[in-house]
Amino acid sequence: MSRSIRIALRRQLRRQTCCAYALLLILCVAGFAQTKPDSAADQAEARILADFGSRIRKYLEARQNAGGAPKPAKEAEKLADHRKQTAAKLRAERTDAKRGDIFTPEITRYFREQIRATFAGPEGAKIRASLRRAEPVRGIVLKVNSAYPATLPLQSTPPTLLLNLPRLPKELEYRIVGRDMALHDTVTNLIVDFIPNAIPAS
Amino acid sequence: MRYLHHRDLPKTRPVARLRWLLCGVLFLVVAGFASYSRGPAGTRTIWNAVPFFGTTLQADAPPQANASGPELKLPLEEKSVRFAVIGDSGTGEREQYDVAKQIESYRQKVGFDFVIMLGDNIYGGHSPKDFADKFEQPYKPLLDAGVKFYASLGNHDDPGVERLYKPFNMGGERYYTFQKGDVGFFVLDSNYMDPAQLDWLENTLHNSKAKWKICYFHHPLYSDGKSHGPDLDLRAQVLPIFKRNGVNAVFSGHEHVYERLKPEEGIYYFILGNSAKLMTRDFSSTQNMVVGKDTERGFMIVEIAGDNLYFQTISRVGETIDSGTVARQAPAPTQSSR
């Protein structure tokens, strides 16, 4: 092989190597550019969920101090008395509780987005049908620290929606009231907090 | 001589027009009093007496004792599992007490020792008096005889109190399981089917060695009733779990009628939401229906022996609305997701 051919081959190899490195660099940059916002979103979501979890824990501590969850009883009087006393103590302890203590503006934004995406998703029509058929509750003006009206039914919360919301300890529940979504404490029957107009208009 | 017709009233005298109006009001008042005087609960309204506004006048007829005693369609085999089914029962009104009397009369003949409750166990308030009027008093003969009640929660129930109320045997949980002989019962809270409950359902059904797997909960997955209809979102989430894990029969309430539905992929469906409440002329179609009854309240008695489930649905006046036998169908050999 002549020297000129060897030089030409070496140059071609160098060019190909440079191209390969350039391509690798482009891919890395593109990959990084793509993953960075996702990981930032994940971090933001994790931070919001951690904040939500910590507010829930704080509420549960307050309830525990007020009397906690009762044990099963044969007499309905015992259960009613326990609820009455626990709710009264908890209200007294949380006299300054207001809307937004748990559903802060940031957490509210997160919930609204989760709910919007669920209703806009493939199961949206089924969820709306289920809500219509579950004796929708209307006409209640929600108020933090007030009792859910004892004589009114509780509308079932669609399972697909629950799959997309942060999990709650077993005695707290998300409840739909009209278009609002309440955080309901089943032990004390108190409204812990709520998001007005959380359910997108149909 | 020209007869006076109400159409002519405006043309004649205003006094005559007023008389017609007074007659109408008087009719409503008399009918209203008649309606009040028939029931002990005192919660009925004047409108119940008027066919246009009331639920049903036919169903308000006082129950007649069946002259020949309870008519029985179950085989009463040895070592069978027998139970009664009630749904939407906790009104505290006379109709609930009437149905309860029929259940007791059948208990004496059938000898079942437990009752499953399909939700709406206590309507309205949940004070101790409500528990007495809407559960303890109407079912006192059953409770005194040692019959156990296993409740599920409906949308009118108070989960915080009822799951802790020992006579409902829920063990402090919204959803739970129990077994009688070869029959496993899986009691769900369809008001709040959260991921934790779905996980529990999948695992519990999968690990169960029961020959029969029966699920019961308040909201029906299929229904021809027009008041509520099927819960489509609930169906989308739980039905695949039922199918994967060989559920044989599903009982629901919510719709205030009785309906036996066509089996779907080996699962039999019953709706019984009329053990006190009733929604007359509620069926919008017969698309899924085998037998339906929307003009009378009732309850069911069930006997499971070997591979057969025998059932009999009985009205408030002791008539058999529906009866039959369904055979256990072998579950499709599908893999569980777990």
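Here, every reference points to the structure presented above.
Every value quoted in this text rests on a predicted model; they were computed, and no experiment measured them.

## A closer look at the overall build of chain B
Per the secondary structure count, chain B includes seven helices and 13 strands. For chain B, with 338 residues in total, the buried portion stands at 58%.

## Details of the sheet that holds strand S5 (residues 183–187) of chain B
Residues and elements named next belong to chain B. The sheet built from seven strands is open, its strands ordered S4-S5-S6-S7-S9-S8-S10 with mixed pairing. Edge positions in the open sheet fall to strand S4 (176–180) and strand S10 (289–293), since each of these has one partner strand only. Taken over all neighbouring pairs, the strand axes of this sheet differ in orientation by 15° on average, direction set aside. Relative to strand S9 (residues 267–272), strand S7 (residues 249–252) runs parallel, the two being bridged by four bridges. Across the sheet, residue Ser252 finds its bridge partner in S9, namely Ile271. Contacts from helix H7 (residues 232–244) reach strand S6 (212–216), S7 and S9 within the one sheet, and its direction differs from that of S9 by about 135°.

## Thoughts on the pattern of salt bridges
Opposite charge on two side chains permits them to pair, given that their charged atoms come into close proximity. Going through the model one piece at a time under the given rule, you end up with 30 salt bridges over all chains. Of the charged contacts in the structure, one is a salt bridge between A:Glu171 and A:Arg63, with a shortest N-O distance of 2.7 Å. You can see A:Glu171 sitting in the loop between helix H5 (159–163) and strand S1 (172–177) and its partner A:Arg63 sitting in helix H1 (residues 3–66), a full 108 residues away along the chain. A:Glu171 gets classed as buried once you look at its relative accessible area, which sits at 14%. The residue B:Glu296 makes a salt bridge to B:Arg316 at a minimum N-O spacing of 3.8 Å. Taken together, the residues span a long stretch of sequence, with B:Glu296 in the loop between S10 and strand S11 (298–305) and B:Arg316 in the loop between strand S12 (308–315) and strand S13 (320–327) at a distance of 20 residues. On the basis of relative accessible area, B:Glu296 is assigned to the buried category, the value being 10%. Residue classification places B:Arg316 among the buried positions, given a relative accessible area of 0%.

## Overview of empty space enclosed by the protein
Rolled over the atoms, a probe as big as a water molecule pinpoints where empty space is left. Under the defined criterion, the tally for this structure stands at seven cavities of 30 Å³ or more. One number sums up the size of the largest cavity: a volume of about 90 Å³. If you trace the largest cavity, you find 14 residues lining it, with A:Ala150, A:Leu152, A:Leu154, B:Asp157 and B:Asp158 closest to the centre. Taken together, the residues of the lining of the largest cavity break down into seven nonpolar, five polar and two charged.

## Things to note about the environment of A:Arg15
All names here are of chain A. Summarising the element assignment, Arg15 is placed in helix H1. You can call Arg15 exposed: its relative accessible area is 53%. Through-space distance from the C-alpha of Arg15 to that of Glu135 is 72 Å; in sequence the pair is 120 residues apart.

## Structural notes on the interface of chain B and chain A
Residue-level contacts link 40 residues of chain B with 39 residues of chain A. Regarding the contact of chain B and chain A, the summed buried area is about 3300 Å², with carbon and sulfur atoms giving 56% of it. Taken together, the links from chain B to chain A amount to five salt bridges. Note that A:Lys170 and B:Glu173 form a salt bridge whose closest N and O atoms lie 3.1 Å from each other. The interface formed by chain B and chain A holds 19 residue pairs in polar contact (both at pLDDT 80 or more) in total. For the side of chain B that touches chain A, the element with the highest residue contribution is H7(B), accounting for five residues. In terms of residue class, the side of chain B that touches chain A is built from 16 nonpolar, 14 polar and ten charged.

## Quick word on the sheet that holds S11(B)
All names here are of chain B. The six strands are arranged S3-S2-S1-S11-S12-S13 in an open sheet whose pairing can be described as mixed. The outermost strands of the open sheet, each flanked by one partner alone, are strand S3 (148–151) and S13. Between one strand axis and the next, the sheet turns through 20° on average, direction left out of account. Contacting strand S1 (81–86), S11 and S12, helix H2 (residues 94–110) runs over the sheet at an angle of about 25° to S11.

## Description of the nonpolar core
In terms of nonpolar packing, the biggest core is built from 62 residues, with B:Phe83, B:Ile116, B:Tyr216 and B:Phe251 touching the most fellow members. The greatest single-element share of this core, amounting to six residues, is contributed by S11(B). Formed by 32 residues, the second largest nonpolar core is a distinct cluster that contains A:Ala66, A:Ile102, A:Ile176 and A:Ala198.

## Let's talk about unusual backbone geometry
Residues and elements named next belong to chain A. Residue Asn189 is not a glycine yet carries a positive backbone phi of 60°. Residue position: Asn189 is located in the loop between strand S2 (180–185) and strand S3 (190–195). Classification of Asn189 as buried rests on a relative accessible area of 9%. In this structure, Asn197 takes a positive phi of about 50° despite not being glycine. Mapped onto the fold, Asn197 is located in the segment after S3. Judged by relative accessible area, Asn197 falls into the partly exposed class, the value being 44%.

## Remarks on the packing of helix H6 (residues 195–207) of chain B against H7(B)
Residues and elements named next belong to chain B. Where H6 contacts H7, the two axes come as close as 9 Å, and the packing angle between them is 10°. Classified by the interaxial angle, the pair formed by H6 and H7 is roughly parallel. Between H6 and H7, the residues in contact are Leu198, Leu201, Glu202 and Leu205 and Gln237, Val238, Ile241, Phe242 and Arg244, respectively. Counted by class, the contact of H6 with H7 contains six nonpolar, one polar and two charged residues.

## Some details on the packing of aromatic side chains
Residue and element names in this part refer to chain B. Under the defined criterion, the tally for this structure stands at 29 aromatic pairs over all chains. Note on Phe131 and Tyr165: the rings are 4.6 Å apart at their centroids and 55° apart in plane angle, and the pair reads as tilted. Placement of the pair is Phe131 in helix H3 (residues 128–136) and Tyr165 in the loop between helix H5 (159–162) and S4, with a sequence separation of 34 residues. Tyr165 carries the same exposure label as Phe131, and that label is buried.

Rules of the game
- Residues numbered from 1 in each chain as written.
- Chains lettered and ligands numbered in written order.
- Predicted model: local features only at pLDDT ≥ 70, side-chain atom pairs only at ≥ 80, totals over all residues.
- Heavy atoms only, no water.
- Helix = DSSP H or I, 4+ residues; strand = E, 2+ residues; numbered from the N terminus.
- Buried < 20%, exposed > 50% of the residue type's maximum accessible area, 1.4 Å probe, protein only.
- Pairing = 2+ DSSP bridges.
- Axes fitted to C-alpha atoms, helices over the stretch in contact; angles between N-to-C directions.
- Contact = heavy atoms within 4.5 Å.
- Salt bridge = Lys/Arg side-chain N within 4 Å of Asp/Glu carboxyl O.
- 1 Å grid on protein atoms, 1.4 Å probe; cavity = no way out; pocket = protein on both sides within 12 Å on 5 of 7 lines; lining within 4 Å.
- Points joined across faces, edges and corners; volume = space filled by probe spheres on them.
- Nonpolar A, V, L, I, M, F, W, Y, C, P; charged D, E, K, R; others polar.
- Buried area = accessible area lost by both parts, 1.4 Å probe.
- Polar contact = N/O pair within 3.5 Å; in protein donor to acceptor, adjacent residues only side chain to side chain.
- Core = buried A, V, L, I, M, F, W, Y, C linked by side-chain atoms within 4.5 Å.
- Parallel < 35°, antiparallel > 145°, perpendicular 65-115°, else oblique.
- Phe/Tyr/Trp six-rings, centres within 6.5 Å; stacked < 30°, edge-to-face > 60°.

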